[in-house]
Amino acid sequence: MNTKPIPVIITLSAALISCVVSIIQRVEFSVFVSRLLIVVLVFLVMGTIIKMILDYSFRTLEPTVSIDDTIEPVGSENPGPQEPEEDVATTEENSSESEEG
C-alpha cells in the first residue's frame, strides 16, 4: 500500500482545522501563527509514526514466498499420469464423410 501521503494529509487536515478555529476565535496574528506551527509539528510527527506503523504491518502481511516460485513450469521433467489420447476425427475427415453419404 502506498502510505507516503499519509503524514501530509493528516498534517494539512489538522492545520486547516486549526486555522478555522483561530479565525472563528479572532485571535491575534502571533497567537495564530504559534498555534499553527505547533499543530503542524505535532501532527506531522503523529502522521509519520502512523505511516511507520502501517508500513511495518503491511510488510509483515506480505507472503514470504512469491507466487511464481510455487507454480511448476509447463515443461516439467516428471509429468503426472498421462491420459490416453482419444481418436478424434479432424475437420477434413468429417467433411469428407458428409459428402459421401
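Residues numbered from 1 in each chain as written. Predicted model: local features only at pLDDT ≥ 70, side-chain atom pairs only at ≥ 80, totals over all residues. Heavy atoms only, no water.

It is worth spelling out the overall build of the protein at this point. Regarding its fold elements, the protein presents 4 helices and 0 strands. Considering the protein as a whole, with its 101 residues, one finds that 11% of them fall into the buried category. Sequence separation of at least 24 residues holds for 67% of the intrachain contacts in the protein that already meet a minimum separation of 6. Here the protein displays about 9100 Å² of accessible surface, and carbon together with sulfur accounts for 63% of that area. (Helix = DSSP H or I, 4+ residues; strand = E, 2+ residues; numbered from the N terminus. Buried < 20%, exposed > 50% of the residue type's maximum accessible area, 1.4 Å probe, protein only. Contact = heavy atoms within 4.5 Å. Areas by Shrake-Rupley, 256 points an atom, 1.4 Å probe, with all protein chains shown as cover.)

Positive phi, close to 55°, is recorded for Arg-26, a residue that is not glycine. With respect to the secondary-structure elements, Arg-26 resides in the loop between α1 (6–25) and α2 (29–61).

Attention shifts here to the pattern of salt bridges. A complete count under the given rule lists 1 salt bridge for this structure. One salt bridge in this structure joins Lys-51 and Asp-55, with 2.9 Å as the shortest N-O distance. Here Lys-51 and its partner Asp-55 are both found in helix α2, 4 residues apart, which amounts to about one turn of the helix. The exposure class of Lys-51 is partly exposed, given its relative accessible area of 23%. Judged by its relative accessible area of 27%, Asp-55 is partly exposed. (Salt bridge = Lys/Arg side-chain N within 4 Å of Asp/Glu carboxyl O.)

A cluster of nonpolar side chains, namely Met-1, Phe-58 and Leu-61, defines an oily patch on the protein surface of about 360 Å² accessible area. Take Phe-58: it is sitting in helix α2. Classification of Phe-58 as partly exposed rests on a relative accessible area of 30%. (Patch = residues over 30% accessible without salt bridge, like charges linked within 9 Å, V, L, I, M, F, W, Y side chains within 5 Å.)

On to the packing of α1 against α2, then. One way to put it is that α1 packs onto α2 with a least axis distance of 8 Å and a crossing angle of 155°. Between α1 and α2, the angle falls in the class roughly antiparallel. At the point where α1 passes α2, the crossing takes the right-handed sense. Contacts between α1 and α2 involve Ile-6, Pro-7, Ile-10, Thr-11, Ala-14, Ala-15, Ser-18, Cys-19, Ser-22, Ile-23 and Gln-25 from the former and Phe-32, Arg-35, Leu-36, Val-39, Val-40, Phe-43, Leu-44, Gly-47, Thr-48, Ile-50, Lys-51 and Leu-54 from the latter. For the contact of α1 with α2, the class distribution of residues is 15 nonpolar, 6 polar and 2 charged. (Axes fitted to C-alpha atoms, helices over the stretch in contact; angles between N-to-C directions. Parallel < 35°, antiparallel > 145°, perpendicular 65-115°, else oblique. Left-handed = near helix turned anticlockwise from the far one by under 90°. Nonpolar A, V, L, I, M, F, W, Y, C, P; charged D, E, K, R; others polar.)

On to α2, then. A rise of 1.5 Å per residue sets the reference length of α2, with its 33 residues, at 48 Å; its end C-alpha atoms lie 47 Å apart and thus fit the reference within 8%. Among all positions in α2, only Phe-32, Val-39 and Gly-47 are buried. Residues of α2 that are buried sit in contact with α1. (Expected span 1.5 Å × (residues − 1).)

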